[in-house]
Amino acid sequence: MGAENSFNYLFLKRIGRLLRILLPFSRLSLNIHNYNERIYTHPLILVLLILINEVGLQYVIYVVGLLSSVFLDELTKPVDQRDFPAFRWLVVRSFALVILNALLIAASTFLSSILYVKWRMRLVLHLHSFYFAKRRYYHLLNTTQQNTSRSKDDNLSTYQNYNIQTMNIANNERELIQYTPTNSSRLSVSTHPSIDNPDNPDQRITQDADSLCRSLSAIISLIVISPFTIGYYTYQTWKVTGYYGPLGILIYFIIWAGINKIFISSVSRTIFKQNILEGNFRFLHTQIRTYNESIAFYNGGSFEHTHFDSYLVKILSPILYRRAIQQFFLSFSTNSYDYIGSIIKYLLMALAIFVFHFYDNLTISELIQKISQSSFMIGYLIYQFNKVNDLTDQITLIAANTHRVQEFLEYMMKIDTTWSEKQLSKNIEQDEILIIKNLSYSTPNNNKHIVIKNLNLTLNKRQHLLITGESGVGKTSLFRVLYSIWPMDISGSFSYKTAQAFLLPQRPYFTNKSLHDELSYPDVQTLSTLTSQIEIGQVLTQWNLEHILDCVESSVFTCPKYAWQDLLSPGELQRLSFVRLVLRLSSNQNNQASKTNLVFLDEITSSLDINIEMKMYNYLLEQDLTLVSIGHRETLRQYHHSELKLYKNGKYVIEKLQLSS
């Protein structure tokens, strides 16, 4: 990690880009992420309210700051000139101003907190709009990880982490797709500098975005009002000391700001690296939560204990100590500036009195009042510069998190999806379901590793294909290619209707949502109805899963207390995943445009016994479907018409099978 992640010109560019998201000026962007957002809650309106509040607050502070001179004037009057009713009114007015001052400060904090919520919503929604589009989440969490282990000899291969370009492709789920690569068998590679692989996308979207928005909202009130207060008190100081007073304070601030900039940059780089290591440390702990049972079976507690302690002591602790040392020097510099500033105001007053003799014609009483007023003016100008200087801690966090969030966003925006161009075609015949012509490709992380070479295959309606081969030979890779989630060297083409295809992965995906939502996944517009409750209950009973209703109080609309992966066995999860397909098939029979006719099955019975496997495939054979299965069991052969055997170096054999009646 170099100096590019410090407080520098790159930071200013990146924070400028983020501010376009946080403070959009276009009317079209008022509700771009939240259609329920009212114009009076728009961030720009909130910033305006903060500015108005701060103007009122600064005026009240100015009046309160002059109260000491008024009290001195009243308390030093001769006995015959004392006015008790006027003094009583002064006390009442002082209490009222102090309470108003506290109220405006509370309002400033409240408005900044609301702005933080709005900013975080806008930023995270913006990140989500890229993260979940074009399967970027997959490339960030899988394919890019594979690329990190590539050899230097593969630098000119297809998929480069820094050659990632976004392409807006219309939503064509309901259309026929045909994959046809460009004339060149290789894709162009950018020679621009690399953008580092974004580590822990979840941390950048949650923790880093939160910290950035919180830090920015905490200083926004100071940012919007400082130009006005500094300008006003500069003028007032000039009236007291002449030009040398404001000029001296400004020079003092610039010199110390330059010193602090050095410390800010070093701390910012350290925080950037610490966030990476903290994210990795958190990821290690999530691995324990995910694989706790496997670790228990291995009796691996001692190993994990040693591994985690070693990471904490040898990797994470040094960066924490480094940050503590760097922040010591930053704190020393900041506090030195603050306290030296408190002396400078008296030096400036001394110059006005002893050198320039501005107040030689005043009486002692008038001089005391003038010193009180002038010291407040000069002191408050220095205080305003002090508050700007005291932003160093916040600026280090802002700089580090700005680099992390914007770097992540830049990376996602440059993800190259041109390798998965989908061209509409009407050449497929009515009875043809899947067509593969001269398909050849290698793995993304090694273009020399040929997975399949010149594959030709056509599946018609109700034809079933079994894909077999040794573990690691590339069976699931074919599914990744057909679903266009793998960037790679490729030639040939494939065609099928994506809206009418469905895939059951080898590892079922379930979280802690209700059964209704889990079984409707990935449809996002399904309605909760009594019919759904009855239908889901019947299907669960059909597949011997009715007992899982006990986890949700017999309601398919109730979320379990724990994730389904922690409540169910691997076999139960595979059956529940199959129920998802069963419900999908039963729900789209009346919609010919989206009726499922092609199902990809990736070892969906690997954790099930032979009888359940037979029941599943017999059910599928009764449907109007074309099946493409991956599996190792010999028992699967009886449910398919043909077998695609994959071998190393891209070789394959297609054999005819006898489908059992």
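Because the structure is a prediction, the values reported are computed rather than measured. (Residues numbered from 1 in each chain as written. Predicted model: local features only at pLDDT ≥ 70, side-chain atom pairs only at ≥ 80, totals over all residues. Heavy atoms only, no water.)

Here we take up the layout of surface pockets. Taken as a whole, the second largest pocket spans an internal volume of roughly 400 Å³. As for the second largest pocket, its lining consists of 18 residues, of which Leu 216, Ile 219, Ile 223, Leu 391 and Ile 395 are closest to the centre. Where the lining of the second largest pocket is concerned, the elements lending two or more residues are helix H1 (9-22), helix H5 (201-241) and helix H10 (392-413). Grouping the constituent residues of the lining of the second largest pocket by class yields 17 nonpolar, 1 polar and no charged. (1 Å grid on protein atoms, 1.4 Å probe; cavity = no way out; pocket = protein on both sides within 12 Å on 5 of 7 lines; lining within 4 Å. Points joined across faces, edges and corners; volume = space filled by probe spheres on them. Helix = DSSP H or I, 4+ residues; strand = E, 2+ residues; numbered from the N terminus. Nonpolar A, V, L, I, M, F, W, Y, C, P; charged D, E, K, R; others polar.)

Right, let's talk about the UniProt feature "transmembrane region" (unreviewed entry) in the protein chain for a bit. Taking the UniProt record as the reference, the feature "transmembrane region" (unreviewed entry) is found at residues 44-72, 92-117, 216-235, 241-259 and 339-359. Secondary structure across residues 92-117 divides into 100% helix and 0% strand, with the first and last C-alpha atoms of the span separated by 38 Å. End C-alpha to end C-alpha, residues 339-359 measures 27 Å, and it is 81% helix and 0% strand. (UniProt positions renumbered as here; feature names shortened; annotations may be inferred.)

Scored by pLDDT, the protein chain comes out at a mean of 80, with 84% of its residues at no less than 70. The low-confidence segment residues 144-195, where pLDDT is below 50, has 125 contacts with residues more than four positions distant or belonging to other chains. Contacts for the low-pLDDT stretch residues 422-426, under 50 throughout, to residues beyond four places or in other chains number 13 contacts. (pLDDT = per-residue confidence, 0-100. Contact = heavy atoms within 4.5 Å.)

As a further point, take the pattern of salt bridges. Side chains bearing opposite charge may pair, as long as their charged atoms lie close to each other. What the rule picks out here adds up to 13 salt bridges. One salt bridge in this structure joins Asp 210 and Arg 120, with 3.1 Å as the shortest N-O distance. Taken together, the residues span a long stretch of sequence, with Asp 210 in helix H5 and Arg 120 in helix H3 (residues 84-131) at a distance of 90 residues. The buried category is assigned to Asp 210, whose relative accessible area is 16%. Here Arg 120 falls in the partly exposed class, since its relative accessible area comes to 30%. When the shortest N-O distance is used, the salt bridge between Glu 655 and Lys 645 registers 3.4 Å. Residue Glu 655 is located in strand E11 (residues 652-656), and its partner Lys 645 is located in strand E10 (residues 642-646); the two are separated by 10 residues in the primary sequence. Residues participating in the shared-partner salt-bridge network are Arg 14, Arg 17 and Glu 410. (Salt bridge = Lys/Arg side-chain N within 4 Å of Asp/Glu carboxyl O. Buried < 20%, exposed > 50% of the residue type's maximum accessible area, 1.4 Å probe, protein only.)

Pairing is mixed in the open sheet, where 6 strands are placed in the order E7-E8-E9-E5-E10-E11. Every interior strand has two partners, whereas the edge strands, strand E7 (501-504) and E11, have only one. On average, adjacent strands in this sheet sit at an angle of 15° to one another, irrespective of strand direction. One ladder, built from 4 bridges, connects E7 with strand E8 (residues 598-602); its direction is parallel. Bridged to Leu 504 within E8 is Leu 601. (Pairing = 2+ DSSP bridges. Axes fitted to C-alpha atoms, helices over the stretch in contact; angles between N-to-C directions.)

A separate point is a nonpolar patch on the surface. Taken together, the side chains of Tyr 235, Trp 238, Tyr 243, Leu 247, Ile 251, Ile 255 and Ile 259 present a nonpolar region at the surface, about 750 Å² in accessible area. Looking at the nonpolar patch, the elements with two or more residues in it are H5 and helix H6 (244-290). With 4 residues, H6 is the largest single contributor of residues to the nonpolar patch. Structurally, Ile 251 can be placed in helix H6. (Patch = residues over 30% accessible without salt bridge, like charges linked within 9 Å, V, L, I, M, F, W, Y side chains within 5 Å. Areas by Shrake-Rupley, 256 points an atom, 1.4 Å probe, with all protein chains shown as cover.)

By size, the foremost hydrophobic cluster in this structure holds 44 residues, and its most contacted members are Trp 119, Leu 123, Leu 127 and Met 412. Elements represented by at least two residues in this core include exactly H1, helix H2 (43-75), H3, H5, H6 and H10. Apart from residues no more than four positions distant in its own chain, Trp 119 is found in contact with Leu 22, Leu 23, Pro 43, Cys 213, Leu 216, Ser 217 and Ile 220. Counting residues in each nonpolar core, the second largest holds 39 residues, with Leu 540, Leu 545, Trp 564 and Val 579 among its members. (Core = buried A, V, L, I, M, F, W, Y, C linked by side-chain atoms within 4.5 Å.)

What follows covers the environment of Leu 381. Tracing the backbone through its elements, the reader meets Leu 381 in helix H9 (residues 364-389). For Leu 381, a relative accessible area of 1% translates into the label buried. In this structure the C-alpha to C-alpha distance between Leu 381 and Tyr 232, which are 149 residues apart in sequence, comes to 8.7 Å. For Leu 381, the contacting residues outside a window of four places in its chain are Ile 230, Tyr 233, Thr 234, Thr 237 and Ile 249.

What follows deals with the pairing of E10. Of all 5 residues making up E10, 4 are buried, and the element is well covered by its neighbours. In terms of strand pairing, strand E5 (residues 465-469) meets E10 through 5 bridges, oriented parallel. Paired with Gly 469 across the two strands is Leu 646, which belongs to E10. Summarising the sheet, E10 and E11 pair through 5 bridges and their orientation is antiparallel. Bridge pairing in E11 places Leu 646 opposite Tyr 652.

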